[in-house]
Amino acid sequence: MSDTILEVTDLKTQFYTERGVVRAVDGVSFDVKQGEIVGLVGESGAGKSVTTSSVLRLIEEPGEVVGGEVDYMGRTIVGFEDTGEELVPRDEMLTEAQMRDQIRGNEIAIIFQDPMESLNPVYTVGGQVKEFIELNRDLSGEEAKEEAIEMLRRVGIPEAAERYGDYPHEFSGGMRQRVLIAMALGCRPNLIIADEPTTALDVTVEGQILELVNDLQAEFGTSFIWVTHDMGVVAEICDRVNVMYLGQIVEQGPVDEIFHDTQHPYTEALLNSIPRPDRTVDDLEPIEGTMPSARSPPSGCRFHPRCPDAREPCREIEPAFEQVAETADGAAHRASCLKHEEVGYWEAEPLEVEVEK
Amino acid sequence: MSVTEALADVEMGETLLEIEGLTKHFQSDTGLLAGVFGSEVVEAVDDVSFEIAKGETVALVGESGCGKSTLARTILQLIEPTDGRVAFKGVELTERSQREIRPLRRDMQMIFQDPQSSLNPRMKVGQIIEEPMKAHDMYTKTERRERAKELLERVELKREYYNRYPHEFSGGQRQRINLARAMATDPDLIVCDEPVSALDVSVQAQVLNTMRDLQEEFGFTYLVISHDLSVVRYIADRVAVMYLGHIAELAEKEELYENPKHPYTQALLDAIPIPDPRSRDARGTLEGDVPSPIGPPSGCRFRTRCPSLIQPDELDLSPDDWSQVRRFTRAVQRRTFVPEYPDEDAGLPVGEITDAVDADYFPEGRPDGEAGDIIDEVCRSIADREWDDAQKLVTERFEEASICATERPQYTIPAEFGTGDHDVSCHLHRDDAI
């Protein structure tokens, strides 16, 4: 359980647009251990999907990974060295061909939000699962087909053998998402990156998928990075959580600590702003304002213009991402907030928060 | 007498909108070939009745395809109902022509889910908000301008935004502009179709709070359509849960969430992930998909997925035996139970099938009597590779003979919380009905 399989250190990804450079991911560090589900949460524009795409090196023009390290079980997915003038990729960084043949699919698979976009409408569902398995595992055509049917059955497709020849449009949204999971699992990857896989689904279907993930994880020991904006889903399935805001991780820790020993005001505010299904809340406390553009992030702490706890130093000093609290099992609980630093936060005056709605 | 004169004065708490037996069936195909092959009927909304009092918020919740949006549009007469009646402030909308209803529309406004596409990008914010006032010939030009600016302030935007274009605003701000537009004609009823589901969580809360404040101030009545049970718990007074065109359950909010009686509502509430890792538990997940609204299940529409299907009277099984029979039924219907047939066409001796079935589904012994006979017959069909027969048999004898399939349930039971009634469309509660 405790072996680290993926380690991301100070990852930076930028997009070069006509209106300036967007620092979509700006110094993100986290890791994934064997067999755990790691959550990546945040609102739209936080940089969650860019982070996961960067990990798989799927960033395309005009974007580019410009710094940081991504290490997957001793192999360098992203690695740079400083020549004195600029950062250049190190020699041991995997080539594009190596990424394709050795990493994507068979070691790290990714499941996207929209299953209709990810399935080819002109090929049969079974055929696509089979092709995926053939490409990523040493199985002959007939074996691959059997494995494909078995995987479809495992993810709960009724009459799997009969429906093997159906086309994607003949499946409901929930079933298509199951097909993607079957595809990903069929390749027996070590790590699955699930990018909002249940967001477009109805709540009962989401329940089915989460149940399925729990079962499969117990059986195959697969690790997951679960990207979502839904704190309910996080609470339900994640072991550890990374909370992102404007291209950075602001808080990181075991799931229970994130919810019950919250250390960053943004996480706190996020939790206070969500309506609860399990109890009647009289007044929600919304987070004031909207997320600023990643093109020109606020100075100091990026959350300070919206932060209910902001004080004078928050405007100037960029908080460090550091261990802030003890956890029950010794896992790290980090947060980047000046409250936890010796920079005169507590002596300073609160900032007047003036935001536009 | 014109329609506007016929409008009754409705005080707070009195019935503003009355819906009775409202039904909307669509022809699935109206093309040329439909005439040749006949067309299928999509039963989007079927025999729905409820009332909304002035000043309250009623929510229609349900999963995609349950008919909640169709119901709302049919209520507003944006879609012509197939059957049933709708009365707004005492005026029978269903008996009036579109032309006659038109002046009433200033009292019934609507806001839509997608704040992106519901605002005309070529119009300035001010024009957008003035549009409904202009359409209903309200106020002078100067008054409209002043009112639009005032409305911007009411929804917590700035007066200066009057001259800006929609693209300059974020999703949450656009939804506020939508609200201002809906309020412009000072309506009684605002129908909100997924008002916050396109917004980020933190912005959702802002808009929901504004909606609530405005209701308190102006006494609006909201009919909110949503798939999000958490949002509904926050803003609604009463909640109607829809499933496949029927209302499964309707009760005051606290009653519905704390004392849900319909197995579908229970499954729905059970399925929502609770934002607290300490309340993780084994959730009963609902199996299968929502059936097609073309030829939907008879009786209770939820029965094909219901974990509490009532056994047919002639079976007389113990609850345990019945639940094993249900498990067996599902396995046969979904063909998850697949014996190893020797080759392409050959069947198997029936003994092998019965042994396997007994081991997997009836380890305590197969039930006797009627149920046992049916299971025997199913096993014979499976042995002969006649899967269609086997599926038909379990469906007809175990499911369609149930009261859940033969009668549509509609009961009202006493509520435990609050003061209102509790409507539940489930035969499990037939003995509690008042």
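Note that the coordinates shown come from a computational prediction; the quantities given were computed from them, not determined experimentally.

Before going further, it helps to examine the sheet that holds strand β11 (residues 240-245) of chain A. Residues and elements named next belong to chain A. The sheet built from eight strands is open, its strands ordered β8-β9-β10-β3-β11-β12-β14-β13 with mixed pairing. A single partner strand is all that each edge strand has here, and the edge strands are β8 (108-111) and β13 (322-323). The pairing of strand β3 (residues 37-41) with β11 spans four bridges and is parallel. Looking at β11, one finds that Val-41 is bridged to Val-243.

What follows concerns helix α7 (residues 171-183) of chain B. Residues and elements named next belong to chain B. Its 13 residues place the ends of α7 18 Å apart at the C-alpha level, agreeing with the 18 Å of an ideal helix rising 1.5 Å per residue. Along α7, 12 of the 13 residues are buried, which leaves the element largely enclosed by surrounding structure. Listed as buried for α7 are Gly-172, Gln-173, Arg-174, Gln-175, Arg-176, Ile-177, Asn-178, Leu-179, Ala-180, Arg-181, Ala-182 and Met-183.

Two orientations exist for strands paired in a sheet by backbone hydrogen bonds: parallel and antiparallel. Residues and elements named next belong to chain A. Ordered in space as β2-β1-β4-β5, the four strands form an open sheet in which the pairing is antiparallel. The open sheet has two free edges, formed respectively by β2 (20-33) and β5 (75-78), since each of these has just one partner strand. On average, each strand axis in the sheet is inclined to that of its neighbour by 10°, with strand direction left out of account. Note: strand β4 (residues 63-72) against β5, three bridges, orientation antiparallel. Pairing of Tyr-72 across the sheet is with Arg-75, part of β5.

This paragraph deals with the pairing of β2 of chain A. All names here are of chain A. Bridge analysis of strand β1 (residues 4-17) against β2 gives 10 bridges, and the strand direction is antiparallel. When the sheet's bridge partners are listed, Glu-7 is paired in β2 with Asp-31. Hairpin connection, β1 to β2: the antiparallel pair is bridged by two residues.

Turning our attention to the domain arrangement of chain A. Residue and element names in this part refer to chain A. Each assigned domain of chain A is listed here: domain 1 (4-103 + 191-347) and domain 2 (108-188). Measuring from the centre of the C-alpha atoms in domain 1 to the corresponding centre in domain 2 gives 29 Å. Every contact between the two is made by 22 residues of domain 1 and, on the other side, 16 residues of domain 2. Surface buried jointly by domain 1 and domain 2 totals about 1900 Å² across both partners, of which 68% is contributed by carbon and sulfur atoms. The three residues of domain 1 that bury the most area against domain 2 are Ile-192, Leu-212 and Phe-220, which together make up 23% of that side's buried surface. Counting every contact that joins domain 1 to domain 2 gives one salt bridge. Summed over the shared surface of domain 1 and domain 2, the number is eight residue pairs in polar contact (both at pLDDT 80 or more). Elements that contribute at least two residues to the side of domain 1 that touches domain 2 include exactly β9 (191-195) and α8 (203-220). No other element matches α8, which puts seven residues into the side of domain 1 that touches domain 2.

Another point: the UniProt feature "domain: ABC transporter" (unreviewed entry) in chain A. The residues that UniProt annotates with the feature "domain: ABC transporter" (unreviewed entry) are residues 6-271 of chain A. Helix makes up 38% of residues 6-271 of chain A and strand 30%, with an end-to-end C-alpha separation of 28 Å.

Parameters and conventions
- Residues numbered from 1 in each chain as written.
- Chains lettered and ligands numbered in written order.
- Predicted model: local features only at pLDDT ≥ 70, side-chain atom pairs only at ≥ 80, totals over all residues.
- Heavy atoms only, no water.
- Pairing = 2+ DSSP bridges.
- Helix = DSSP H or I, 4+ residues; strand = E, 2+ residues; numbered from the N terminus.
- Expected span 1.5 Å × (residues − 1).
- Buried < 20%, exposed > 50% of the residue type's maximum accessible area, 1.4 Å probe, protein only.
- Axes fitted to C-alpha atoms, helices over the stretch in contact; angles between N-to-C directions.
- Domains from an automatic or database assignment.
- Contact = heavy atoms within 4.5 Å.
- Buried area = accessible area lost by both parts, 1.4 Å probe.
- Salt bridge = Lys/Arg side-chain N within 4 Å of Asp/Glu carboxyl O.
- Polar contact = N/O pair within 3.5 Å; in protein donor to acceptor, adjacent residues only side chain to side chain.
- UniProt positions renumbered as here; feature names shortened; annotations may be inferred.

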